[in-house]
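What follows is each chain in one-letter form.
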Amino acid sequence: MITGVDRTICRNKKKEVQSQEFEIDQLTYVLEVYRRRDFRSKAIPVIVPTYMPNQLAVQLTSACLTSLKKYSDPPVEIWLIDNGSPATSTKDFIDDDAINVVLNKTEPIAPRFRGVTEKLKHWIKRGRRGQALQSQDISYANAIGLELGVRIIPEDSDFVVTLHSDTLVLHPNWLSYLLSKFSEKVRISAFRQDPGRVRAAHIGGMVFDFQLYRSLGANFFHNMRQERYSDRPEYDVGDFLSIAFQAAGFEFFIARNTFNSPSLSISEPDRKILEELPCDLCINDDNRVFFAHLGRGSTKSFGIYSKGLGPKEWIAIADSLNR
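Residues numbered from 1 in each chain as written. Predicted model: local features only at pLDDT ≥ 70, side-chain atom pairs only at ≥ 80, totals over all residues. Heavy atoms only, no water.

Chemist: So what's going on with the environment of glutamine 226? Residues and values would help.
Modeler: Positionally, glutamine 226 belongs in the loop between α6 (210-216) and α7 (239-247). Setting aside residues up to four positions removed in sequence, glutamine 226 forms contacts with Arg232, Pro233 and Glu234. Among the polar contacts made by the side chain of glutamine 226, one reaches the main-chain carbonyl oxygen of arginine 232 at a distance of 2.8 Å. (Helix = DSSP H or I, 4+ residues; strand = E, 2+ residues; numbered from the N terminus. Contact = heavy atoms within 4.5 Å. Polar contact = N/O pair within 3.5 Å; in protein donor to acceptor, adjacent residues only side chain to side chain.)

Chemist: Can you explain helix α2 (residues 87-95)? Please cite residues and give values.
Modeler: Those residues of α2 that fall on the buried side of the exposure criterion are Ser89, Thr90, Phe93 and Ile94. The buried residues of α2 occupy one face: seen down the axis, they fall within an arc of 120°. Across α2 from its buried face, at more than 90 degrees, point the exposed residues Ala87, Thr88 and Asp92. Against the buried residues of α2 lie β2 (15-24), β3 (27-36), α1 (55-70), β5 (76-83) and β6 (99-104). (Buried < 20%, exposed > 50% of the residue type's maximum accessible area, 1.4 Å probe, protein only. Arc of directions from axis to C-beta.)

Chemist: Account for the pairing of strand β13 (residues 280-283), naming residues and giving values.
Modeler: A two-sided burial pattern is seen for β13, the buried positions comprising Asp280 and Cys282 on one face and Leu281 and Ile283 on the other. Examined bridge by bridge, strand β12 (residues 256-257) and β13 share two bridges and lie antiparallel to one another. Bridged to asparagine 257 within β13 is cysteine 282. In this structure, β13 lies alongside strand β14 (residues 289-293), joined through four bridges in antiparallel fashion. In the strand pairing of β14, cysteine 282 is matched with phenylalanine 291. Hairpin remark: β13 followed by β14, antiparallel, with five residues in the connecting loop; positive phi at asparagine 287, about 60°. (Pairing = 2+ DSSP bridges.)

Chemist: Which residues make up the packing of aromatic side chains, and what are the values?
Modeler: What the rule picks out here adds up to 11 aromatic pairs. With a centroid separation of 5.8 Å and 20° between ring planes, the pair formed by phenylalanine 210 and tyrosine 213 is classed as stacked. Of this pair, phenylalanine 210 and tyrosine 213 both sit in helix α6, three residues apart, roughly one helical turn. Given the relative accessible area of 6%, tyrosine 213 is considered buried. (Phe/Tyr/Trp six-rings, centres within 6.5 Å; stacked < 30°, edge-to-face > 60°.)

Here is the structure:
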């Protein structure tokens with residue numbers, strides 16, 4: 001629910017800047033919203049939640065958004081939802097007139113960490129290279145970013161895209177392809193399916209029916225360790241969309257991808273660059289790669305997760321593909 005909308009802040013000539021507040025999960029989130037002046041309400045919103053405490057994280061996010069700006073069919077409206085990154089991390093995105101930017105000024109701390117002591121906060125910041133407390137439950141912070149996003153975008157949007165900031169779109173028709181898989185029954189289209197827990201469509205690259213989402217009262221919160229609902233199975237961020245949609249009699253489409261099917265072959269035009277890229281690749285009906293996902297991008301940029309392709313290598317590849 002919206003708890004307040006303040007005056008327009010005149011700090012950016014290319015954008016309307018407003019202060020807004022939302023109450024979510026018993027916390028009031030104070031936002032600074034940099035909305036494009038030429039905002040197109042019929043373009044499909046793409047929500048990208050971020051937390052960028054360092055330059056590597058900034059470059060990961062920038063690579064993602066650059067690929068979005070390069071490939072957009074049908075037109076999209078990019079919404080970057082930032083969870084308390086330093087001003088130096090967000091400045092260039094605010095100045096980019098192709099992006100809507102939401103700065104969340106309230107740290108998204110999971111309920112189980114809200115009572116921590118100042119000593120623990122100090123230990124976390126020292127031991128985790130200056131990270132904020134939200135890094136103790138990055139999934140929860142990601143959910144808050146998405147929850148803020150769906151409150152900011154136009155209520156009458158037919159479809160919404162959610163993307164992780166460590167993803168790349170690699171084909172002009174990536175979105176029209178995912179949308180082409182919708183039917184009366186299929187109301188979610190995603191790049192991969194999680195293999196465990198509830199086998200849900202993955203939130204890191206997903207298009208869904210926003211009006212159905214609203215009518216079902218769905219949300220993005222996880223239920224890990226059954227913290228939110230003891231009578232429901234464990235599920236991760238965004239998985240409840242799959243659960244709620246299926247319970248209402250609807251289905252989801254999962255594109256062919258190298259995560260769920262590692263033996264998939266890649267077409268000749270893409271093979272030279274992408275064949276040995278150790279990440280999740282998504283393939284359309286013509287065997288063309290149209291989506292790539294690094295995986296664990298945030299924790300890799302923090303330096304606390306190192307399995308697979310590193311963020312520096314990913315950024316170099318992304319830069320070559322975005323030219």
